[in-house]
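# Close look at the chain arrangement
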Amino acid sequence: LLAQLCLGLSRSASDLHLLAAGRRATMGGDDNVKVAVRVRPFNQREMDRNAKLIIKMEGPKTYLTNPETGKVRDFTFDFSYWSHNKDDAHFATQKTVFQDLGVSVLDNAWKGYNCSLLAYGQTGSGKSYSMVGYGEDKGIIPIASKQMFERIADNQKENTTFKVETSMLEIYNERIKDLYNIANNPKGGLKVREHPKTGPYVDGLQKLAVSSFNEIDRLMEEGTKGRTIASTNMNATSSRAHTIFSIVMTQTSVNMETKKATDRVAKINLVDLAGSERVASTGAEGDRLKEGANINRSLSVLGNCINSLAKGDSRHVPFRDSVLTWILRESLGGNAKTIMIAAISPADINFDETLSTLRYADRAKQIKTKAIVNEDPNEKLIRSLKDEIEQLKAVLAGGGGVITPEMLAMLGGGGAGGGGGLGGSGSSEVDELRRKLMESERLMREQEQTWEEKLKETQQLNQQRQKDLAAMGVAVSVDRKLPHLINLNEDPSLSENLLYYFKKGVTTIGSKNQEKAPDIALAGLSIDQLHATVTNADGKVIMEQKGDSGKTFVNGKQITKGMKVELHQGDRVIIGQNHIFRMNHPEEYAKWKEEREARGESTNIDYEYAMKEMADAQIQGIRKRLEDENREREERMKKEMESLQSEMERQREEDRKALERQEKEFKLQRLKLEKEMKDKEKELISQAKDKSEEKDLKRKLKQMELDMKKEQKRKEEELKRQQKEFEENKKQLEKELEEKQKETERLMKEKEAEDRERMWLEDELVRIVPLINEANSISEAMNKNMDFGLKVLKSDQKSKAQIAIKVHNRITDIKTLWMQEKFMNRIYLMREQYINFMETGELAEKENDAFYDPPSDEMIGRATIYLESLAWLIDVNDMTPVFDYKGKEEGQLVVEIIPRDGKGGQLSDDLEEIDELKGKLITLLVKVNAARGLPIERSSGVFVKFNFWPEGSPVHKTKKTSLNKRSINPNFGFEKEFRVKVDDEFIEWLRSDAAVFEVWGRPPEDLLKSNAENNAAAAAANPSSIAGTSTMVRSTIIQDMQQRRKSTMPGGAGSMFVDGTLSDPAGIVNVDLLIDVDLHEVHRDGSVRPAKMKEAEAGSGKRAMYKLHVGCSQHVVITLGQRGNEPLVVESVDSVKVVKVQGSLDPKDAKGKRKKTDFLQVLMLKSSKVVSENGHENLVSTAVWDPHKSAADVLQRKSKKGERVLVTVEMTVKMMNNPPVKFQKEILLKMYPLESADRSGRATGTDRQMSEWLNSEERTSRLKKMGSFRKVMMIGQKRGVRSLLK
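So, here's what we can say about the structure. (Residues numbered from 1 in each chain as written. Predicted model: local features only at pLDDT ≥ 70, side-chain atom pairs only at ≥ 80, totals over all residues. Heavy atoms only, no water.)

### Things to note about the overall build of the protein chain
Within the protein chain, the regular secondary structure consists of 24 helices and 55 strands. Counting across all 1286 residues of the protein chain, residues that qualify as buried make up 51%. Intrachain contacts of the protein chain at a sequence separation of at least 6 include 71% that bridge at least 24 residues. (Helix = DSSP H or I, 4+ residues; strand = E, 2+ residues; numbered from the N terminus. Buried < 20%, exposed > 50% of the residue type's maximum accessible area, 1.4 Å probe, protein only. Contact = heavy atoms within 4.5 Å.)

Structure, rendered in structure tokens:
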């Protein structure tokens, strides 16, 4: 209040002068913010992905096409600039954009108006290109600066002088950096303050006087160097920072009659805003710290301000909610003429971001500003400031600081009660007054300072800046003979700004935070005090790694302590976490360029090239394997098509020749028969002796003629039958070819989808791997005891892969997964907290700690329940294993699914399968009863969630168990009825799909506390046990990935196809198993033959049903094969069990219920051996089963009419170097009387007979009926098994 009072008292004198000045001010009308939209060409990434053009421009209109729906939206702006294709007639050049926008900015500034030009858009959309330009293709800022001084030169008058001052700042994470004073920015950044006369300003920001374009151009270049250094030191990408380049032009006019000077001041703000890409909410949703990150606050607040201003609600605009909007307050809603240029991408892959940008710009054009000409008599302003200073001094001296109610009312203050003297105030009020006094004195000094003094001060600051850059090792002058490193940056405008020369002899590289600074001083993570040395001697440049913990990579390969590497022209050097360079060697350049051009390689070694090289070093194994597989698959598909077409042609030709041969034989037989008939007739006539014999002869001839016609008719019918068979065969072959072509098209589409996903995954890995490295480095630097690793999750073949981050808390020993969006949110918080830690040594409070996660719900695993038995209207009643994302069994889930009629009642026993209910309603009662054997470390707050039919329906959840106690065997008692109309899609879902039930829990609080105490005790006894080196994502990730044979696995819930625990590669490979389970019946004569089967109609599909005979034993024949050329990983079948029998009762049964028998019948293994089949190794195991000895009565008698039995067989398979795996197979059968047994078919009782059977066509035909089932597994060569049910 005292500060407001003193300033208010000073206004009483100065307001009179301002009032007079205001009468002379030229008022501007209400102007809308002008908005221009500019579209760039496709970039290399978009071209590599065959991106489609979705932008069209006609005059001021911009049209955007939704690539999924084809719907077109149109927007109208002041300007729409088509800069996509240079060959188009309406292509907009840099000059075009400047003529429309830059010239108007200069014109308004010349008249004395404040002006602002804001560039908005997603990262890489071309904002910096429009504002600054690249190379010789200059943007608005340099062109405007140059033309400003040209105008000044053309308007020199005796009574008018021009003064130009410039400043350049960057806002990152709500911290302001002075880019002209990068070496001496205060900790926490500069502060924004507000003065009643000058408005918001940045306290301590250097405003440098310039007298020519060359000076301002040099300052822009050095400001960009400062921006690059700030970006690198903070590891902050430029896309996340705002840059404001300000020019203040003052025209001082002297009235020759009165000799009074008047200033006309125009401030030009040229603002390059941070990237506007949208933040996906999927992973960050629910993150307790998602609102804590300042990284997007400025843009969010800017959007809120624009929304409020667009609605005309100027009273509630949240300018002060971010430093960006506070600084730009006048530009957005006050005394300024403002232009926004929105930069957009033309590609369909950026549709969402482009739409968001266009909507943002569309709102901005509704904002109105009211600009005035900024004229003020200079002497009166100085006199006003002097009066204000005197009054402030008087208050501080205690000579007049009485606060009266009248004064408070004048200042707009409230509250009751009188005031006392200053002596009654606290020290904070005195400090505030002193600060206000210093502000006014500084402002007065600026007003009284002569132009020559300002130029001299600028020169001194320039010299100091040169010294600061030189102290960091940054070159301030160019020496074209010395080899050097040149920086590379994600933002092209920040690349190649910093040069670090290697002097003759030894150059040291290290951190700048030490007494004796190294020759090249770098800041940031993973930089040792003496990091490396570079020796430049005899034309060779040798780098030697000196530090232990620091990281250095040359051409994607890490060099460790003591290693020496010779650096050559074009080499990529990465020092620490975020310093990326290209090596320039003048003596080698010409030869290097010639060699690369001869090989057809680019000489443009940029940031993307260096980062891609790092990623390639890690994912080259994946890429090579995928390319080999794709090539093999294409060749195989091509050969199969060619083989099929060749076979069809051969079959057609054989059929045609056979038909022609039959027709020819038929004609010959007919002619022969006719000739025989005539010869016989002649013979009989000549032998006839009387009329009676002749009559008898004619009768015989007539009979022979009838017989011949019958034979001819029979042969004609046979020929027609053969022709019909030929046509049917032809149609069948054509159908097979059509199906094969459809299958080929499907596989090609899958391949295209896999290729797109692979490219996306590679892009994401390039982006995310360095961030994981950084998180580990920050964790180590701040002693957080957290390790971060990479996981790529894929729930099934159809779903898109997701990147997740494994988080291991070494204190509590708790391991969790963060989804990518949550990790991205946290990494920005980690940087913010790391910067604060380095500046102040303070750590964030626990509740705001980016590394801390309180106990939360974590997925224990997924249980996959197959629904095929429901298609036969048989209940599902399973205790199903729960597998985590590694494939480890984490317990079992007890689920029942009971089919009922549309009203929820019992189904009629006359119904045998789901097809009979087509078009009607059916009720499925889902019961989630309990879970058993869950892990104790996630045994509190346990619940199950799932979604049922239709796919994409809402998620259903059971109630959570208690959070205060553990429960490894929780009971849920959950029931939910689903009423479904039976159609083909639903039937297909039952027959071929599964329901996935996710089991969730959280760590019990007492367990976390116990783990922390135990680990703390262990750490006290052995400090290295806990505070070890954090896991780093290094090139060892690839040693793990290179062993994988497939990148995308068809799999069940929770399947995962990249495992990135990089410090402990598990040596995991994919194994694609084919498993056949067949029944061979033992007849009374002792022979063993394949059991007869028939196809049971099932509406849209068919299923094999075995015909077994009461009293006969069965051989369960299990064949395990493996796709690909790898050695067989299956060692043996350890056990075979019948675990469930389900069958329907007699329809006359009064209760009308389905009967199910759950029991355990262990079968006796007869033999198990590896045999060769078509060049592949198979393991064949035979188990003996006596159905009549089981407890199920449906296996001990003849099945009744309409009765069917479903038997579940479980086998335990031993895998090489891995724990056993259990598989289950459902077998449909029907029991017949013993006397009806048919002993036809190939015998399989002996080893030789079985071997012959395995390679027979009869078995191949049988497999088509009964079908194999497939298991795609991830096998750890060292440990762990992943079974993916499909």
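### So, the pairing of strand 29 (residues 572–575)
Of the two faces of strand 29, the one holding R572 and I574 and the one holding V573 and I575 are both buried throughout. Taken together, the 3 bridges between strand 26 (residues 552–554) and strand 29 define a ladder with antiparallel strand orientation. Within the sheet, the bridge partner assigned to V554 lies in strand 29 and is V573. Pairing between strand 29 and strand 30 (residues 579–584): 4 bridges, direction antiparallel. Its bridge partner being in strand 30, V573 is matched across the sheet by F581. Linking two consecutive strands that pair antiparallel, namely strand 29 and strand 30, is a turn of 3 residues; a positive phi of about 70 degrees is found at G576 within it. (Pairing = 2+ DSSP bridges.)

### Some words on the environment of V792
Tracing the backbone shows V792 in strand 31 (residues 786–793). Classification of V792 as buried rests on a relative accessible area of 0%. Along the chain, V792 and L765 lie 27 residues apart, while their C-alpha atoms are 9.8 Å from each other.

### Some thoughts on the sheet that holds strand 20 (residues 484–487)
The strand order across the open sheet built from 6 strands is 21-20-30-29-26-27, with neighbouring strands paired in antiparallel fashion. Two strands bound the open sheet, and with one partner strand each, they are strand 21 (499–501) and strand 27 (557–558). Alignment of strand 20 against strand 21, held across 3 bridges, turns out to be antiparallel. In the sheet register, I486 faces strand 21, and the bridge partner there is L499.

### Here we look at helix 7 (residues 297–310)
Taking 1.5 Å per residue, 14 residues should reach 20 Å; helix 7 reaches 20 Å between its end C-alpha atoms and fits that length. A large share of helix 7 lies buried, amounting to 10 of its 14 residues. In the stretch just after helix 7, G312 is the one whose phi turns positive, near 80 degrees. (Expected span 1.5 Å × (residues − 1).)

### Quick look at the packing of helix 7 against helix 10 (residues 351–364)
In the contact formed by helix 7 and helix 10, the axes pass within 9 Å of each other and the chain directions differ by 45 degrees. Considering the angle they form, helix 7 stands oblique to helix 10. Facing helix 7, whose interface residues are L299, L302, G303, I306, N307 and A310, helix 10 presents Y360, R363 and A364. Here the residues of the contact of helix 7 with helix 10 sort into 6 nonpolar, 2 polar and 1 charged. (Axes fitted to C-alpha atoms, helices over the stretch in contact; angles between N-to-C directions. Parallel < 35°, antiparallel > 145°, perpendicular 65-115°, else oblique. Nonpolar A, V, L, I, M, F, W, Y, C, P; charged D, E, K, R; others polar.)

### Considerations on helix 10
Between the first and last C-alpha of helix 10 there are 20 Å, a value that for 14 residues agrees with the 20 Å anticipated at 1.5 Å per step. Of the residues making up helix 10, those classed as buried are F351, E353, T354, L355, T357, L358, Y360, A361 and A364.

### Observations concerning the pattern of salt bridges
Oppositely charged side chains can pair when the atoms bearing their charge come close. Following the criterion strictly, the structure yields 31 salt bridges and no others. D548 is the partner of K561 in a salt bridge, and the nearest nitrogen-oxygen pair spans 3.2 Å. In this pair, K561 is assigned in the loop between strand 27 and strand 28 (564–567) and D548 in the loop between strand 25 (540–545) and strand 26, connecting sequence segments 13 residues apart. The exposure class of D548 is exposed, given its relative accessible area of 64%. Within this structure, R218, E222 and R465 form a network of salt bridges that share partners. (Salt bridge = Lys/Arg side-chain N within 4 Å of Asp/Glu carboxyl O.)

### Description of the side chain of Q1114
Note on placement: Q1114 falls in strand 47 (residues 1113–1122). You can call Q1114 buried: its relative accessible area is 0%. Within polar-contact distance, the side chain of Q1114 engages the side chain of E1081 at 2.9 Å. Discounting residues that sit within four places of it in the chain, Q1114 has contacts with L1079, H1080, E1081, A1091, L1108, A1183, V1184, W1185 and P1187. (Polar contact = N/O pair within 3.5 Å; in protein donor to acceptor, adjacent residues only side chain to side chain.)

### Some thoughts on the environment of M708
Looking at where M708 falls in the secondary structure, it is placed in helix 17 (residues 691–781). Judged by its relative accessible area of 15%, M708 falls in the buried class. As a C-alpha pair, M708 and R670 span 38 residues in sequence and 8.5 Å in three-dimensional space. Among all residues touching M708, those that are not within four sequence positions of it are L673, E674 and M677.

### Comments concerning the packing of aromatic side chains
Tallied over the entire structure, the rule returns 19 aromatic pairs. For the ring pair F946 and F974, a centre distance of 5.8 Å and an interplane angle of 85 degrees mean the geometry is edge-to-face. Placement of the pair is F946 in strand 38 (residues 940–946) and F974 in strand 40 (residues 971–981), with a sequence separation of 28 residues. Per residue, the accessibility class of F946 equals that of F974, and both read buried. (Phe/Tyr/Trp six-rings, centres within 6.5 Å; stacked < 30°, edge-to-face > 60°.)

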